[in-house]
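What follows is the residue order along each chain.
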Amino acid sequence: MRPRATGTEVSRKAAIRIRIRRLDLGLTMKQLTQRLADIGCPLPESGVWKVESGYRANITVDEAVAFARVLRMPVERLLGPGPACLVCEDRPASGAACLNCGADGGR
Ligand SMILES: [Zn+2]
């Protein structure tokens, strides 16, 4: 269940943003999957997991829009520039951490 660093920076950030936002909204993976289906974007739960975990970077434009809609965020916030984590602004590294927002990065 560890996120994987594949794909471009855009898709990696999108994956992190999807996860952060889903958890912020208190949605389970199953609920997110259901909501996507409800608005006409049926994906298997395993497919949603792959997107969120960065195992599948090549999501379609329709899927990106659907994720943004169900997560109630602008598409440009999902795909745009800027840090994935607005709390620490992706600064960690060194010892690493975050994944919103266990910050750290020290020592
Ligand atoms: Zn953070």
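Rules of the game
Residues numbered from 1 in each chain as written. Predicted model: local features only at pLDDT ≥ 70, side-chain atom pairs only at ≥ 80, totals over all residues. Heavy atoms only, no water. Salt bridge = Lys/Arg side-chain N within 4 Å of Asp/Glu carboxyl O. Helix = DSSP H or I, 4+ residues; strand = E, 2+ residues; numbered from the N terminus. Buried < 20%, exposed > 50% of the residue type's maximum accessible area, 1.4 Å probe, protein only. Axes fitted to C-alpha atoms, helices over the stretch in contact; angles between N-to-C directions. Parallel < 35°, antiparallel > 145°, perpendicular 65-115°, else oblique. Contact = heavy atoms within 4.5 Å. Nonpolar A, V, L, I, M, F, W, Y, C, P; charged D, E, K, R; others polar. pLDDT = per-residue confidence, 0-100. Left-handed = near helix turned anticlockwise from the far one by under 90°.

Caption draft 1: Spatial organisation of the pattern of salt bridges. Scanning the model with the defined rule gives 4 salt bridges in all. Of the charged contacts, one joins lysine 13 and glutamate 9 as a salt bridge, the two residues approaching to 3.4 Å between their closest N and O atoms. Here lysine 13 and its partner glutamate 9 are both found in helix 1 (residues 9–24), 4 residues apart, which amounts to about one turn of the helix. Among the residues examined, glutamate 9 registers a relative accessible area of 47% and is labelled partly exposed. A salt bridge links arginine 19 to glutamate 52; the shortest N-O distance between them is 3.9 Å. With arginine 19 in helix 1 and glutamate 52 in helix 3 (residues 45–53), the pair connects residues that are 33 residues apart, well separated along the chain. By the burial criterion, arginine 19 is buried, and glutamate 52 matches it. Ionic contacts of the salt-bridge type, sharing partners, join the residues Arg19, Arg22 and Glu52 into one network.

Caption draft 2: Broad picture of the packing of helix 1 against helix 3. It is at 6 Å that the axes of helix 1 and helix 3 come closest, and there the two elements cross at 115 degrees. By the angle between their directions, the pair helix 1 and helix 3 is classed as roughly perpendicular. For the pair helix 1 and helix 3, the contacting residues are Ala15, Ile18, Arg19 and Arg22 in the first and Val51, Glu52 and Ser53 in the second. When grouped by side-chain class, the residues that make up the contact of helix 1 with helix 3 number 3 nonpolar, 1 polar and 3 charged.

Caption draft 3: Representation of the environment of alanine 15 within the structure. Position of alanine 15 relative to the elements: it lies in helix 1. Beyond its immediate chain neighbours, meaning those up to four positions away, alanine 15 contacts Val51, Glu52 and Gly54.

Caption draft 4: Local environment of the environment of arginine 35. Locating arginine 35 in the fold gives a position in helix 2 (residues 29–38). Overall, arginine 35 belongs to the partly exposed group, its relative accessible area being 36%. If we ignore the near neighbours within four places in the chain, the residues touching arginine 35 are Leu27, Val70 and Arg72.

Caption draft 5: Quick look at the confidence of the model for the chain. In the predicted model, the chain carries a mean pLDDT of 85, and 88% of its residues have values of at least 70. Here helix 1 stands out as the element of the chain with the lowest mean pLDDT, 89, in contrast to helix 2, whose mean of 98 is the highest.

Caption draft 6: Representation of unusual backbone geometry. The residue arginine 72 is not glycine, and still its phi comes out positive at about 50 degrees. Positionally, arginine 72 belongs in the loop between helix 4 (61–70) and helix 5 (75–79).

Caption draft 7: Focus on the packing of helix 2 against helix 4. The interhelical angle for the contact between helix 2 and helix 4, taken along N-to-C directions, is 115 degrees, at an axis separation of 10 Å. Two packed elements cross with a definite hand, and for helix 2 against helix 4 that hand is right-handed. Residue-level contacts link Leu32, Arg35 and Leu36 of helix 2 to Ala66, Phe67 and Val70 of helix 4. For the contact of helix 2 with helix 4, the class distribution of residues is 5 nonpolar, no polar and 1 charged.

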